[in-house]
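If you want the building blocks of each chain, they are given just below.
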Amino acid sequence: MPSNKLPKGLTGVAGEYFVAAELSRLGYVASITLRNTRGIDILVSNATATRQVAIQVKTNQKSKPEWVLNKKVETFYSDNLFYVFVNLKSPNERPDFYIVPSKVVANFVRTDHQNWLETPGKDGQPHKDNPVRKFRDPEGQFLERWDLLGL
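Note that the structure is predicted; figures quoted are calculated from it, not measured. (Residues numbered from 1 in each chain as written. Predicted model: local features only at pLDDT ≥ 70, side-chain atom pairs only at ≥ 80, totals over all residues. Heavy atoms only, no water.)

K.L.:
Tell me what's going on with the overall build of the protein chain, and back it up with residues and numbers.
P.N.:
The helix and strand tally for the protein chain stands at 2 helices and 7 strands. Its helices and strands taken in sequence order, the protein chain reads α-β-β-β-β-β-β-α-β from the N to the C terminus. What you see for the protein chain is a C-alpha radius of gyration of 16 Å, in line with the 15 Å of a compact globule of 151 residues. A principal-axis box enclosing the C-alpha atoms of the protein chain has dimensions of 55 × 40 × 30 Å. Among the 151 residues that make up the protein chain, the fraction classed as buried is 36%. Look at the contacts in the protein chain between residues 6 or more apart in sequence, and 59% of them connect residues 24 or more apart. Surface accessibility of the protein chain: about 8,900 Å² in total, with carbon and sulfur atoms responsible for 53%. Side chains of the protein chain carry 21 positive and 16 negative charges; the gap between the two charge centres is 5 Å. (Helix = DSSP H or I, 4+ residues; strand = E, 2+ residues; numbered from the N terminus. Rg over C-alpha atoms; globule rule 2.2 N^0.38 Å. Buried < 20%, exposed > 50% of the residue type's maximum accessible area, 1.4 Å probe, protein only. Contact = heavy atoms within 4.5 Å. Areas by Shrake-Rupley, 256 points an atom, 1.4 Å probe, with all protein chains shown as cover. Lys, Arg positive; Asp, Glu negative; His and termini not counted. Charge placed at Lys NZ, Arg CZ, Asp CG, Glu CD.)

Encoded structure:
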């Protein structure tokens, strides 16, 4: 990982373009939405336009597959909404893509956060609730799972 990481804003934009490029490479029609489109970064369809899905992109520059989210992901899901979590690597490496149905993300972060709240923190003190949530896929269950989009 280079020491000169991208600024946060550019990290997110880079992730969206990497996802759109990969979807195009796979033969799908991908369109990046305007910045004011709430919760949807990319609209994608198959080449015959018989199936479309929406994608929310989350990007990190860490060495592990972990992304910070917020509380709203617990209730923001549908059958046609997917998250693509992007792990940017060095400039000369292809990023890793983790494709996850939004309902899976919602259930994961809800359960994970509840477990965190129930686990004592530093010096046995209870954790204080906050809006921060995390999604992780350390076993790579969703790595390169473009098939889950059903396109």
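K.L.:
Tell me about the side chain of serine 45, residues and numbers included.
P.N.:
Looking at the secondary structure, you find serine 45 in strand E2 (residues 42-45). Setting aside chain neighbours within four positions, we find serine 45 in contact with Tyr28, Val29, Arg51, Gln52 and Leu151.

K.L.:
Let's hear about the layout of surface pockets: which residues, and what values?
P.N.:
To find leftover empty space, one rolls a probe the size of a water molecule over the atoms. The computed volume of the largest pocket comes to approximately 720 Å³. Around the largest pocket sit 26 residues that line it, and Lys8, Gly12, Lys58, Thr59 and Val68 are the ones nearest its centre. Of all elements in the fold, only helix H1 (8-25), strand E3 (52-60) and strand E4 (66-70) reach the threshold of two or more residues within the lining of the largest pocket. With 6 residues, the single largest contributor to the lining of the largest pocket is H1. Within the lining of the largest pocket, the residues separate by chemical class into 9 nonpolar, 9 polar and 8 charged. (1 Å grid on protein atoms, 1.4 Å probe; cavity = no way out; pocket = protein on both sides within 12 Å on 5 of 7 lines; lining within 4 Å. Points joined across faces, edges and corners; volume = space filled by probe spheres on them. Nonpolar A, V, L, I, M, F, W, Y, C, P; charged D, E, K, R; others polar.)

That is the geometry; function is a separate question.
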